[in-house]
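An overview of the molecular structure
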Amino acid sequence: MEKIIKGKTWVFGDDIDTDVIIPGKYLRTTDMQVFADHAMEGVDPDFSKKVKPGDIVVGGNNFGCGSSREQAALALKYAGVACVVAKSFGRIFFRNAINVGLHLMESNVECKEGDEMEVDLENGNVTVNGKQYPGNKLPEFLLEMLSDGGLVPHRKAMQGKK
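Conventions we followed
- Residues numbered from 1 in each chain as written.
- Predicted model: local features only at pLDDT ≥ 70, side-chain atom pairs only at ≥ 80, totals over all residues.
- Heavy atoms only, no water.
- Core = buried A, V, L, I, M, F, W, Y, C linked by side-chain atoms within 4.5 Å.
- Buried < 20%, exposed > 50% of the residue type's maximum accessible area, 1.4 Å probe, protein only.
- Helix = DSSP H or I, 4+ residues; strand = E, 2+ residues; numbered from the N terminus.
- Contact = heavy atoms within 4.5 Å.
- Salt bridge = Lys/Arg side-chain N within 4 Å of Asp/Glu carboxyl O.
- Pairing = 2+ DSSP bridges.
- Axes fitted to C-alpha atoms, helices over the stretch in contact; angles between N-to-C directions.
- Phe/Tyr/Trp six-rings, centres within 6.5 Å; stacked < 30°, edge-to-face > 60°.
- Lys NZ or Arg CZ within 6 Å of the ring centre and 35° of its normal.
- Parallel < 35°, antiparallel > 145°, perpendicular 65-115°, else oblique.
- Left-handed = near helix turned anticlockwise from the far one by under 90°.
- Nonpolar A, V, L, I, M, F, W, Y, C, P; charged D, E, K, R; others polar.

A word on the nonpolar core. Core analysis: the largest hydrophobic core is formed by 50 residues, its most contacted members being Phe-47, Phe-63, Leu-76, Phe-93 and Val-119. Take this core: its biggest share by element is six residues, from helix α4 (residues 71-79).

Okay, helix α5 (residues 91-100) next. For α5, a buried count of seven out of 10 residues is recorded, marking the element as mostly surrounded by other parts of the structure. Every buried residue of α5 is accounted for by Phe-93, Phe-94, Asn-96, Ala-97, Ile-98, Asn-99 and Val-100. Buried residues belonging to α5 abut α1 (18-21), α4, β4 (103-107), α6 (140-147) and α7 (151-160).

Another point: the pattern of salt bridges. In total, this model carries six salt bridges according to the counting rule given. With a closest N to O distance of 2.7 Å, Glu-140 and Lys-137 form a salt bridge. Here Glu-140 falls in the partly exposed class, since its relative accessible area comes to 48%.

Here seven strands make up a closed barrel; going around it, the order is β1-β2-β3-β4-β7-β6-β5 and the pairing mixed. With direction set aside, neighbouring strand axes in the sheet form an average angle of 35 degrees. The pairing of strand β1 (residues 4-11) with strand β2 (residues 56-59) spans three bridges and is classified as parallel. Within the sheet, the bridge partner assigned to Trp-10 lies in β2 and is Val-57.

Below, the discussion takes up the packing of aromatic side chains. For the structure on display, the rule yields six aromatic pairs. Pairing Phe-12 with Phe-47 gives two aromatic rings, centres 5.9 Å apart and planes at 70 degrees, and the pair type is edge-to-face. Residue Phe-12 is found in the loop between β1 and α1, and its partner Phe-47 is found in helix α3 (residues 47-50); the two are separated by 35 residues along the sequence. Since its relative accessible area comes to 11%, Phe-12 is described here as buried. Consider the rings of Phe-63 and Phe-93, whose centres lie 5.4 Å apart with planes at 75 degrees: the pair is edge-to-face. Residue Phe-63 is located in the loop between β2 and α4, and its partner Phe-93 is located in helix α5; the two are separated by 30 residues in the primary sequence. For the pair Phe-63 and Phe-93, one class covers both residues: buried. Put simply, the rings of Phe-63, Phe-89, Phe-93 and Phe-94 pair up and form one aromatic cluster. In this structure, Arg-91 packs its charged tip against the face of Phe-94, placed 4.6 Å from the ring centre.

Two elements in contact, α4 and α5, have axes whose closest approach is 8 Å; the angle formed by their N-to-C orientations is 50 degrees. Judged by the angle between their axes, α4 and α5 are oblique. The two elements α4 and α5 meet at a crossing, and its hand is right-handed. Across the interface between the two elements, Ala-72, Ala-73, Leu-74, Leu-76 and Lys-77 of α4 pack against Phe-93, Asn-96, Ala-97 and Val-100 of α5. Within the contact of α4 with α5, the residues separate by chemical class into seven nonpolar, one polar and one charged.

Shown next as structure tokens:
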């Protein structure tokens, strides 16, 4: 797992719910490309055309609130988002992100869209424009799960170690 993620920021506000991350009309598919093509469509219809692999989504309070749709985390991951940094997360989104291998960190950062951000997962901090912000470092067992690519790959890796 990359312990340091560097990317361009896409900044969103508070209470970004799962329905704007991936609108409900796309939930009938299992095609990850469909999810990627419509990521963040409810708040920025052109997001999927502009986001690049390795970019970082920055949210305010309660990012990923709303329904328990795992597709929201999958949409961001398959759109190329390397990490989501937010002041706080909806708890179900937080766990779904871990389960599908989407990196995230809680941190109260100040930035604007397009800034270069560095997220240090190992030490639990974020750097933007030379200023460092403390974050909530994930426990080692969750970092291991992310390193393996999410819950299912982690369980398979653990089975192989027995």
